[in-house]
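# Residue-level structure breakdown
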Amino acid sequence: MASNRNLLVLPGDGIGPEVMNEVRKIIAWMGKKRAIGFDIKEDLVGGAALDKHGVPLSDDAMKTALEADAVLFGSVGGPKWDTADFSKKPERGLLRLRKEMDLFANLRPAKVFDALVDASSLKPEIVKGLDIMIIRELTSGVYFGEPRGRHVNAAGEVEAFDTQRYTVPEIRRVCAVAFELARKRKNKVLSSEKANVMHTGVLWREEATKLHKESYSDVQLSHMYADALAMQLLRTPTEFDVIVTDNLFGDILSDEASMLTGSLGLLPSASLGAPDATGRRKALYEPIHGSAPDIAGKGLANPIAQTLSYAMMLRYSFDLGKDADMVELAVENVLKAGYRTGDLMVGKTDGVKKVGTQEMGDAIVKELERLA
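A brief look at the structure comes next. (Residues numbered from 1 in each chain as written. Predicted model: local features only at pLDDT ≥ 70, side-chain atom pairs only at ≥ 80, totals over all residues. Heavy atoms only, no water.)

### Things to note about the overall build of the chain
Helix and strand counts for the chain stand at twelve helices and 14 strands. Here the chain has a C-alpha radius of gyration of 21 Å; the compact-globule value for 372 residues is 21 Å, and the two agree. Burial status across the chain gives 51% buried among its 372 residues. Taking the intrachain contacts of the chain between residues at least 6 apart in sequence as the baseline, contacts between residues at least 24 apart amount to 74%. Summing over all exposed atoms, the chain offers an accessible surface of approximately 16800 Å²; the carbon and sulfur share of this is 52%. Where the 49 positive side-chain charges of the chain centre and where its 53 negative ones centre are 3 Å apart. (Helix = DSSP H or I, 4+ residues; strand = E, 2+ residues; numbered from the N terminus. Rg over C-alpha atoms; globule rule 2.2 N^0.38 Å. Buried < 20%, exposed > 50% of the residue type's maximum accessible area, 1.4 Å probe, protein only. Contact = heavy atoms within 4.5 Å. Areas by Shrake-Rupley, 256 points an atom, 1.4 Å probe, with all protein chains shown as cover. Lys, Arg positive; Asp, Glu negative; His and termini not counted. Charge placed at Lys NZ, Arg CZ, Asp CG, Glu CD.)

### Focus on the packing of aromatic side chains
One pass over the full model with this rule turns up three aromatic pairs. Residues Phe179 and Tyr216 carry aromatic rings whose centres are separated by 4.9 Å and whose planes lie at 20° to one another, so their mutual orientation is stacked. A residue pair is termed long-range when its members are at least 10 positions apart, and Phe179 in helix α6 (residues 168-182) and Tyr216 in the loop between α7 (199-215) and β9 (220-225) qualify at 37 residues. You'll find Phe179 and Tyr216 in the same group, each marked buried. (Phe/Tyr/Trp six-rings, centres within 6.5 Å; stacked < 30°, edge-to-face > 60°.)

### Structural notes on helix α12 (residues 357-371)
The end-to-end C-alpha distance of α12, which contains 15 residues, comes to 21 Å, matching closely the 21 Å that a straight helix rising 1.5 Å per residue would cover. Among the residues making up α12, those that are buried are Thr357, Met360, Gly361, Ala363, Ile364, Val365, Glu367 and Leu368. Of the surrounding elements, those touching the buried residues of α12 are α1 (16-33), α10 (304-318), α11 (321-336) and β13 (339-340). (Expected span 1.5 Å × (residues − 1).)

### Examining helix α4 (residues 91-100)
Taken together, the buried positions of α4 are Gly93, Leu94, Leu97 and Arg98. Angular distribution of buried residues about the axis of α4 spans 135°; they occupy a single face of the element. Each element contacted by the buried residues of α4 is listed here: β1 (6-12), α3 (59-67), β3 (70-75) and β12 (281-287). Asp102 sits one or two residues past α4 and shows a positive phi near 55°. (Arc of directions from axis to C-beta.)

### Here we look at the sheet that holds β3
One open sheet holds the ten strands; their spatial order is β2-β1-β3-β12-β11-β4-β5-β10-β8-β9, and the pairing between them is mixed. Edge strands, defined here as strands with exactly one partner in the open sheet, are β2 (39-42) and β9. Between one strand axis and the next, the sheet turns by 20° as a mean value, whatever way the strands run. By the bridge criterion, two bridges tie β3 to β12 in an arrangement that is parallel. Paired with Val71 across the strands is Leu284, a residue of β12. The sheet contacts of α1 involve β1, β2 and β3, and relative to β1 the element is tilted by about 150°. (Pairing = 2+ DSSP bridges. Axes fitted to C-alpha atoms, helices over the stretch in contact; angles between N-to-C directions.)

### As for the pattern of salt bridges
Enumeration according to the criterion identifies 28 salt bridges in this entry. Note that Asp323 is salt-bridged to Arg34, the shortest N-O span being 2.9 Å. Here Arg34 lies in the loop between α1 and β2 and Asp323 lies in helix α11, a separation of 289 residues in the sequence. When its relative accessible area of 9% is taken as the criterion, Asp323 is described as buried. In this structure, Asp59 and Arg96 form a salt bridge, with 2.9 Å as the shortest nitrogen-oxygen distance. Here Asp59 is found in helix α3, whereas its partner Arg96 is found in helix α4, with 37 residues between them in sequence. Here the salt bridges share partners, and the residues they tie into one network are Arg172, Glu207, Lys210 and Glu214. (Salt bridge = Lys/Arg side-chain N within 4 Å of Asp/Glu carboxyl O.)

### Describing the nonpolar core
The nonpolar side chains of a soluble globular protein tend to be buried, and buried together. Phe38, Leu107, Ile135, Cys175, Tyr285, Tyr310 and Leu314 are the most contacted members of the largest nonpolar core, which totals 67 residues. Ranked by residues supplied to this core, first place goes to α6 with nine residues. Ignoring any residue separated from it by four or fewer positions in sequence, one finds Tyr285 in contact with Ala70, Val71, Leu72, Phe73, Ser269, Ala270, Leu272, Ser309, Met312, Met313, Tyr316 and Ser317. One finds Leu130, Leu229, Phe240 and Ile243 within the second-largest nonpolar core, a separate group that totals 18 residues. (Core = buried A, V, L, I, M, F, W, Y, C linked by side-chain atoms within 4.5 Å.)

### With respect to the packing of α1 against α12
The packing of two helices is summarised by the inter-axis angle and the distance between the axes. In contact at an axis separation of 9 Å, α1 and α12 are set at 20° when each is read in the N-to-C sense. Taken as axis vectors, α1 and α12 run roughly parallel relative to one another. Like other packed secondary-structure pairs, α1 and α12 cross with a definite hand, here right-handed. Packed against α1, whose contacting residues are Glu18, Glu22, Lys25, Ile26, Trp29 and Lys33, the element α12 presents Thr357, Gln358, Gly361, Asp362, Ile364, Val365, Leu368 and Glu369 at the interface. Across the contact of α1 with α12, the residue classes break down as five nonpolar, three polar and six charged. (Parallel < 35°, antiparallel > 145°, perpendicular 65-115°, else oblique. Left-handed = near helix turned anticlockwise from the far one by under 90°. Nonpolar A, V, L, I, M, F, W, Y, C, P; charged D, E, K, R; others polar.)

### Quick word on unusual backbone geometry
The peptide bond linking Glu146 to Pro147 adopts the cis configuration, its omega dihedral lying at 0°. Turning to its location among the elements, Pro147 is positioned in the loop between β5 (131-137) and β6 (149-152). For Asn187, which is not glycine, the phi dihedral falls at a positive 65°. Relative to the helices and strands, Asn187 is located in the loop between α6 and β8 (188-193). Overall, the relative accessible area of 26% leaves Asn187 in the partly exposed class. Backbone geometry at Asp319 places phi at a positive 55°, although glycine is not the residue there. Relative to the helices and strands, Asp319 resides in the loop between α10 and α11.

Printed below as a string of structure tokens:
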């Protein structure tokens, strides 16, 4: 199908190719039944690219990513490449994509489906109805700040150091993403930092407040220290909606929030760049579950996180919100119908059907057909 939507597919390693294959079925169905077509290119990343090209991401693949309207990413890594040089680790391919595409805003939703409320490690009454979005700044902060390294200090002791560093534009642009997204949800944002003990936290709170006053006063803004938020996410998680925070705290808090849902196999993510003159953003969409090498090739992987990453792509890169809703509803209905991959066989399992990767993918396509 002819299309001006350019999509780069990078299945990667481990279970990446398996779950991506199920999403390709949905893409094909959408092209046939909803006239949503893509000009698709596929390439290697991670260990697969390392084996063929000697690097975890080739220059040609990087060029294609920069030219694409969106990148749909699987997973990278595995024990096969544990001894690879640090500069050539499979994960470096993903880091290169994030850096060169300048994907500064990482969107990590955490939603508890009603059918899986018993799968959470928290009590059902605590997590029922949970639907939050954590926006993590992805390209600055302590993971990238300079100076960093290790040396022997004046006392003869080995000393390691990292620098937490943020500029005003870096803070404002990720907060703007949070405010814009909040307008499409419940119209409230929680900004989180450690302004009580960190200069970057003070600057973060100042700039979030200024930007709110200047351009987003219609959105409710509140602030909370990151350690307090870590506690409140376990105590009363449903009181939150959009949370925006820095790279380090976002890394920790989004992982904490992900476990409220019951399985990593359910959770997608989006990494967005700045809009260009036409409003187009560079973007990469990926499940958060990693390559899961222990089950790779066995047909056991849960394709839902990859499927929901595709839904996020429809919503945020192509403004196809109704079609994204349809994919998400299909997933929810399949779960209501009792379909479960192995990772979801927790909590109450009465009346459920254990299925593999392909069966789950086929069930989602069948439900899309019914919804259509």
